[in-house]
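# Working through the structure, step by step
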Amino acid sequence: MVLTRTARTQQLLSCHVRSIVTTLKPSAVAGPRPGLARQMPSGSGARVSAEAAGCLLKLQIATTAPPRRGHASAAQSKLGAVRTDWTREEIDEIYNRPLVELMYDAATVHRMYHNPREVQQATLLSIKTGGCIETCSYCAQSSSWSKDTGLKAEKLLELDEVYKAALDAHDSGSTRFCMGAAWRGPSQVGPRQFERVLDMVSKVRALGMEVCTTLGMLTAEQSHQLKTAGLTCYNHNLDTSPEFYPKITSSRTFDDRLDTLGKVREAGLSVCSGGIIGMGELDKDRVGLIHTLATLPEHPESVPINALVPVAGTPLEMKGVKQPTGLEMVRCVATARITMPHAMVRLSAGRTELSFAEQGMCFMAGANSIFAGDKLLTTANNERCADAEMFKELGLVNKPAFNGQTQPFEIPELRAQSIKLREELKAFKIELGCKKTAAGSA
């Protein structure tokens, strides 16, 4: 008897489903449930019709709803957590996820800690170009292949030149000013040039800008001197994974890089450290780079993601390495964002090869800084007018220095005296030059 009723019920359900499908308007099927209920017959068949409608709705949901994501992995279940105990396997899993899901998770984490519309504009100035004794195969500033690149070594810029560049950057909207010197480290050049850099740091910081330098390897004392002068952050990129690093340079080791990062952190400076994509490394090396950064005792406050810009005459350019695609950059940015939620992920060198759409994907995936201005250290960069157009199209706004928080700064007395002496000496030289010119024309 039970079997008979079950068969009868199935027959009735089938009939009612066919009836509803053939008689209801599409808007009734796709619309709210009350509209569907009004089409049902009353009386003893109403209960069967309700069951039929339920089956139809389940069928509709099954055919129109997007597929559900699989069960969350251990890494996904901790989405947004600030951790330094990542395993390589976890980061490899994140990096290799379907890009649409990776971007979604990265965007989710980004919104937990950052305003997704804010992108900081920073300016990078080479204060000492060329003549570097290091052998970084991606860099045009190495003296080892200066004949091939045609890049001549230049002297360290004067204080007033750097200050003028910082003023121009500030007036153009940059809230961070970065200075790079092609040195193995300050110890290579002696105290007089390093003292000049310390004066640069103090005078630029007095503009209310964040100040970053990249000067090579530091001692503990030099790190503290930079901190005292007002430096905000020190850049020292790891470049790539520990395994691939020996293929990039032979003049220093990966541990040398980590040693400097440790001294910078101990001095109380913020750390800026990232890498370069497109040097011939494999995906596992990109994972290794991010794993090293994400498992430091403290995450870097800044993580630059650079695309290699092959400069003619450098070993990597002559080797013909393939430049990364825009989507590869997005994948690296997203992985860095998920594993280092608090960090500023900086979309740095190589933007000239990316469209507005590709850069927009990087910002969606968690990048929140760019270098502004038409030149980086030795390579071309996007023009400010192009970036202004991109900001407008994407609805981005400039991120203020120090996250909009007031950071009072007074130039230290030692630095103030040094800056004053330099300015007086500069004025004296100008006056002396004018007198010689006047005497020569008399």
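Every value quoted in this text rests on a predicted model; they were computed, and no experiment measured them. (Residues numbered from 1 in each chain as written. Predicted model: local features only at pLDDT ≥ 70, side-chain atom pairs only at ≥ 80, totals over all residues. Heavy atoms only, no water.)

### Observations regarding the overall build of the chain
Here is the rule we go by: Going along the chain from the N terminus, every DSSP run of H or I of four or more residues is numbered as a helix, and every run of E of two or more is numbered as a strand. Only protein chains enter the accessibility calculation, which uses a 1.4 Å probe; a residue is then buried when its area is under 20% of its type maximum, exposed when over 50%, and partly exposed in between. Residue-level accessible areas treat just the shown protein chains as cover; the underlying method is Shrake-Rupley with a 1.4 Å probe.
For the chain, the helix and strand inventory stands at 19 helices and 10 strands. Every one of the 442 residues in the chain was classed for burial, and the buried ones make up 47%. Roughly 22,000 Å² of accessible area belongs to the chain as shown, and the carbon and sulfur atoms make up 56% of that amount.

### Quick look at the pairing of strand β7 (residues 302-307)
The condition is simple: Handedness rule for crossovers: strands pointing away from the viewer, path from the first strand over the helix to the second running clockwise, crossover right-handed.
Taking burial as the measure, the six residues of β7 include six buried ones, the bulk of the element. With helix α14 (residues 283-294) bridging strand β6 (residues 275-277) and its parallel neighbour β7, the resulting β-α-β unit is right-handed.

### With respect to the nonpolar core
Applicable threshold: The nonpolar core is taken to be a set of buried Ala, Val, Leu, Ile, Met, Phe, Trp, Tyr and Cys residues, with the residues joined through side-chain atoms within 4.5 Å. We call two residues in contact when some of their heavy atoms are within 4.5 Å.
Membership of the largest hydrophobic core comes to 74 residues, with the highest contact counts inside it found for Ile127, Val162, Phe177 and Leu226. Residues contacting Phe177, with those up to four places away along its chain left out, are Thr123, Leu125, Val162, Ala165, Ala166, Ala169, Val204, Met209, Glu210, Val211 and Cys212.

### Overview of the side chain of Thr213
Mapped onto the fold, Thr213 is located in strand β3 (residues 210-214). Those residues in contact with Thr213 that sit more than four places away from it in its chain are Met179, Val201, Leu226, Leu231, Cys233, Tyr234 and Asn235.

### Remarks on a nonpolar patch on the surface
Let me state the cut-off plainly: Only residues above 30% relative accessible area that lack a salt bridge enter a patch, with like-charged residues linked at up to 9 Å and the nonpolar side chains Val, Leu, Ile, Met, Phe, Trp and Tyr linked at up to 5 Å. When a carboxyl oxygen of Asp or Glu lies within 4 Å of a side-chain nitrogen of Lys or Arg, that pair is called a salt bridge.
On the surface, Leu425, Phe428 and Leu432 cluster together into a nonpolar patch covering about 280 Å² of accessible area. Inspection of the secondary structure assignment puts Leu425 in helix α19 (residues 413-441).

### A short note on the environment of Arg351
Of note, Arg351 is situated in the loop between β8 (344-347) and α17 (356-364). Residues Arg351 and Met329, spaced 22 residues apart in sequence, show a C-alpha to C-alpha distance of 10.0 Å. Not counting residues up to four positions away in its chain, the partners in contact with Arg351 are Gln359, Ile370, Phe371, Asn381, Asn382, Asp387 and Met390.

### Some words on the confidence of the model for the chain
Definition in use: pLDDT runs from 0 to 100 and stands for how confident the predictor is about each residue.
Across the chain, the average pLDDT comes to 86, with 82% of residues at or above 70. Counted against residues more than four places away or in other chains, residues 1-50, with its pLDDT under 50, gives 30 contacts. For residues 52-71, every residue scores under 50 in pLDDT, and the model assigns this stretch 19 contacts once sequence neighbours within four places are set aside.

### A closer look at the side chain of Gln141
Here Gln141 is to be found in the loop between β1 (118-128) and α8 (146-149). When its relative accessible area of 7% is taken as the criterion, Gln141 is described as buried. In contact with Gln141, not counting residues within four places along its chain, are Ser126, Lys128, Thr129, Gly130, Gly131, Cys132, Leu151, Ala182, Leu377 and Thr378.

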